[in-house]
Amino acid sequence: MIQDVLIVGAGFGGMYGVYKFRGMGLSVKAVEAGSDVGGTWYWNRYPGARCDVPSLEYSFGFSEELEQAWEWPEVFSAQPDILDYANHVAERFDLRQHIQFNTRVTSITWRDGDQVWELGTDTGETLRGRFVVMATGCLSVPNKPNLPGAARFKGQVLHTGLWPHEEVSLEGKRVGVIGTGSSGVQAIPELAKQAGHLTVFQRTPVYTVPANRKRMREAVQQEFKDNYREIREMQWRNAGGVSGFRPLKSAPSRANQPDVGPAASGVTGIPGGDSGGGLRIKAMTPEQREQVVEAGGLGMILAFRDIYSDIEANDIANELFRSQIRKIVKNPEVSEKLLPKDYGIGCKRQVLDRDYYDTFNRNNVSLVDLRETPLDTITETGVQVGSDHHELDVLIYATGFDAMTGALVRANITGRDGVTLRDKWADGPVAFMGLQMRGFPNLFTVTGPGSPSVLCNMLVAIEQHVNWIADCVAWMRENEKATIEPLEQSEIDWVAHVNEVAEGTMYTVPSCNSWYLGANIEGKPRIFMPYVGGLPRYREHTDGQAENNYPGFEVLG
Ligand code: NA7
């Protein structure tokens, strides 16, 4: 059987794809490596895993019934609650009947004669479809660095991005964690509570600020539900896909954190996620800056408008940040190691934490600075760093992902004339609007490189992409077109535009090494992959293409 649409992945993108294409009367099948839905939230079950976008914003807007039915327990959701939501969506819309679980797609090949895609799987099947939608996620291929001696370690080895489904008991154990990005920073306070001793192996210190940890108030949730249509419009008009809607009618809470957004003004994991402040750090005296932080907390440093585009302002903010951490971490030697010094705020995705710095005041936690003394080797019983051997029962990799391109390249996609995506992207991802690649007709990517994706509220970005792809497929069918793919020039112009808008931001300054740039993966070309121009500007481009019958694409009848 040839499916109208084959979808790879059953995270939020794949799930909404199934719903959308089925609703158009098309045959659709999704293939998922995991045993159930949820994508990111299915795999990342490590203790402390949590979303960095407010719960009421990080939700689907395509169904009013869903919006009204679902209750979020916290202002920022923990992983189990988001996974519950994913399960609820699957059940409510009866999506699982269209999803083949426990099946990894191992190859995707264009058959020009039949104009179909053929998907090979690790179960030995071959699936055929007219259109393919890659809903494979931006952070779905765990990065496990090739550390010397790693295979020798006899204890338990875990990766935050592949955390086991069954309970992991760390009680009384000597636990080591490598990595201090979002995953490490979220996990470390929880691991410290569970472990006998926790050793943190840090290569690059992080700028992290406290997350909002408030319970959801019923009145606030209700006000969102009453205003969801307007809120969704506000999301579409916001650069980061976050409405920033503030409940007006609900009685203000007495707790010292706001009911909706971040702990302090301007704080989510994505830029433009909140209205932020109008303050400029350069225009203030040192005393005034201190007062801002004292009044609003560490996260207020992120609300200064000028720090994202002015290196001097950025330096002032970085120093202000460091001075605050020195006050929290009691041991000055440890404190100094925890301070980022060779890159600035705004270069990497903002990390939000719960008690991260305080955790280093515990007497069962030690910090090993791999910049000071590099890791020599993993041994059978631990990690050797210089003359110190750290004995461990459990070694946890919190070492991130081959972001944005990893899952697409790994799927072994071969397009027209035998050209592989791996070859096409050897020098970095080349795609039109993060939606399609020339040479790969009728294959679409959800939140692909060159789209707002990880710089946007992911659920909003996913809905926008799936809607666009569905409209394109509908248009093709109405007009009896067989194939669509971008013109070569469209890709060239788009990549130039993506680079142009990223220039002059903190994301691309030479001192910055982030997964946005692919800098966390050895040998990966250094290219800024997401679209920093914001969702509204991006939508002008995608809507413009659709409204004008896809002038940037080659469409064959
Ligand atoms: P990140 O942000 O890529 O962080 C990975 C961490 O692992 C980071 O501290 C790395 O240090 C460290 N790392 C990676 N390789 C090594 C080696 N070889 N040795 C020592 N340390 C290493 O991944 P996360 O999973 O935390 O977060 C990814 C996103 O998921 C996050 O931004 C949110 O959007 C959700 P480095 O900085 O490379 O020196």
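Residues numbered from 1 in each chain as written. Predicted model: local features only at pLDDT ≥ 70, side-chain atom pairs only at ≥ 80, totals over all residues. Heavy atoms only, no water.

Let us look at the overall build of the protein chain. A tally of helices and strands in the protein chain yields 16 helices and 20 strands. Considering only C-alpha atoms, the protein chain reaches an extent of 70 × 60 × 45 Å along its principal axes. Going through the 557 residues of the protein chain one by one, you find that 59% of them count as buried. Within the protein chain, contacts between residues at least 6 apart in sequence are counted, and of these 72% link residues at least 24 apart. Looking at the protein chain as shown, the accessible area adds up to about 22,400 Å², and 47% of this sits on carbon and sulfur atoms. A gap of 2 Å separates the mean positions of the 55 positive and 70 negative side-chain charges of the protein chain. (Helix = DSSP H or I, 4+ residues; strand = E, 2+ residues; numbered from the N terminus. Buried < 20%, exposed > 50% of the residue type's maximum accessible area, 1.4 Å probe, protein only. Contact = heavy atoms within 4.5 Å. Areas by Shrake-Rupley, 256 points an atom, 1.4 Å probe, with all protein chains shown as cover. Lys, Arg positive; Asp, Glu negative; His and termini not counted. Charge placed at Lys NZ, Arg CZ, Asp CG, Glu CD.)

To continue, consider the pattern of salt bridges. Under the criterion given, the structure shown has 32 salt bridges. A salt bridge links R96 to E91, with the shortest nitrogen-to-oxygen separation between them at 3.5 Å. Judged by relative accessible area, which is 56%, E91 ranks as exposed. Put simply, K337 and E372 hold a salt bridge, and the shortest N to O gap is 4.0 Å. With a gap of 35 residues between them, K337 in helix α10 (residues 332-337) and E372 in the loop between β12 (365-369) and β13 (375-378) connect regions that are remote in the sequence. (Salt bridge = Lys/Arg side-chain N within 4 Å of Asp/Glu carboxyl O.)

Counted according to the given criterion, the structure contains 37 aromatic pairs. Between the aromatic rings of W468 and F553, the centroid separation amounts to 5.8 Å while the plane-to-plane angle is 35°, which identifies the pairing as tilted. Note that W468 is positioned in helix α14 (residues 458-478) and F553 in strand β20 (residues 553-556), a separation of 85 residues in sequence. Its relative accessible area of 4% is what places W468 among the buried residues. (Phe/Tyr/Trp six-rings, centres within 6.5 Å; stacked < 30°, edge-to-face > 60°.)

Now for the state of the cysteines. Counted according to the given criterion, the structure contains one disulfide. C347 shares a disulfide with C512; S-S distance 2.1 Å. When the S-S torsion is 85°, as for the bridge of C347 with C512, the disulfide is right-handed. Here C512 lies in the loop between α15 (488-502) and α16 (535-547) and C347 lies in the loop between α10 and β11 (351-353), a separation of 165 residues in the sequence. Pair check on accessibility: C347 and C512 agree, each one buried. Lacking any disulfide linkage, C138 is separated from the closest cysteine sulfur, that of C456, by 11 Å. On the accessibility criterion, C138 (6% relative accessible area) is buried. Assessed through its relative accessible area of 3%, C456 is described here as buried. (Disulfide = S-S within 2.5 Å.)

So, on to the side chain of Q186. Secondary-structure assignment places Q186 in helix α5 (residues 182-194). At a separation of 3.0 Å, a polar atom in the side chain of Q186 contacts the main-chain carbonyl oxygen of R50. In contact with Q186, other than residues within four places in its own chain, are Y46, P47, G48, A49, R50 and L352. (Polar contact = N/O pair within 3.5 Å; in protein donor to acceptor, adjacent residues only side chain to side chain.)

Here we come to the sheet that holds strand β14 (residues 382-385). Pairing is antiparallel across the open sheet formed by three strands, whose spatial order is β13-β14-β15. Edge strands, defined here as strands with exactly one partner in the open sheet, are β13 and β15 (388-391). The mean inter-strand angle of the sheet, taken between neighbouring strand axes irrespective of direction, is 20°. In this structure, β13 lies alongside β14, joined through three bridges in antiparallel fashion. Bridge pairing in β14 places I378 opposite V383. (Pairing = 2+ DSSP bridges. Axes fitted to C-alpha atoms, helices over the stretch in contact; angles between N-to-C directions.)

Our focus in this paragraph is the nonpolar core. With 140 residues, the main nonpolar core has F12, F21, F60 and F360 as its most contacted residues. The residue makeup of this core includes at least three contributed by each of domain 1 (2-37 + 95-141 + 402-550) and domain 2 (150-210 + 331-397). Ignoring sequence-local partners within four residues, the contact set of F60 consists of F12, Y16, L66, E67, Y85, V89, R232, L459, I462 and E463. Among the nonpolar cores identified, the runner-up in size contains 21 residues, and V8, A411, L421 and L443 belong to it. (Core = buried A, V, L, I, M, F, W, Y, C linked by side-chain atoms within 4.5 Å. Domains from an automatic or database assignment.)

Pairing analysis gives six bridges linking strand β4 (residues 105-111) to strand β5 (residues 116-121), with the strands arranged antiparallel. By the bridge assignment, W110 is partnered in β5 with W117. Once β4 ends, the chain turns through four residues before running back antiparallel as β5, passing Q115 with a positive phi of about 50°. Across two bridges, the pairing between β4 and strand β17 (residues 413-414) is parallel. Considered in β17, the bridge of I108 is made with I413.

Let us look at the sheet that holds strand β7 (residues 156-159). Where strands meet in a sheet, backbone hydrogen bonds hold them as pairs that are either parallel or antiparallel. Strand order in the open sheet formed by five strands is β7-β16-β8-β9-β12, with parallel pairing between adjacent strands. Of all the strands in the sheet, the pair left with one neighbour each is β7 and β12. Here the strands of the sheet are splayed against their neighbours by 20° on average, with no regard to which way each runs. Where strand β9 (residues 197-202) and β12 come together, five bridges link them in parallel fashion. Among the inter-strand pairings, L198 is bridged to a residue of β12, identified as V365. Of the strands in this sheet, β8 (174-178), β9, β12 and β16 (394-397) are in contact with α5, which crosses β9 at around 155°.

What follows covers the packing of helix α1 (residues 12-23) against α14. For the pair α1 and α14, interaxial distance at closest approach is 10 Å and the crossing angle is 35°. Judged by the twist between their axes, the crossing of α1 over α14 is right-handed. Taking contact as the criterion, the partners of F12, G13, Y16, G17, K20 and F21 in α1 are, on α14, L459, I462, E463, V466, N467, I469, A470 and V473. (Left-handed = near helix turned anticlockwise from the far one by under 90°.)

Right, let's get into the domain arrangement of the protein chain. Each domain of the protein chain was delimited in the assignment, giving domain 1 (2-37 + 95-141 + 402-550) and domain 2 (150-210 + 331-397). For domain 1 and domain 2, the distance between their C-alpha centroids amounts to 34 Å. On the domain 2 side, the residues contacting the nine residues of domain 1 number seven residues. Around 650 Å² of area is buried between domain 1 and domain 2 when both sides are counted, 51% of it from carbon and sulfur atoms. Sorting the residues of domain 1 by area buried against domain 2 places M506, S511 and Y516 first, and these three jointly supply 44% of that buried surface. At the junction of domain 1 with domain 2, the criterion picks out zero salt bridges. (Buried area = accessible area lost by both parts, 1.4 Å probe.)

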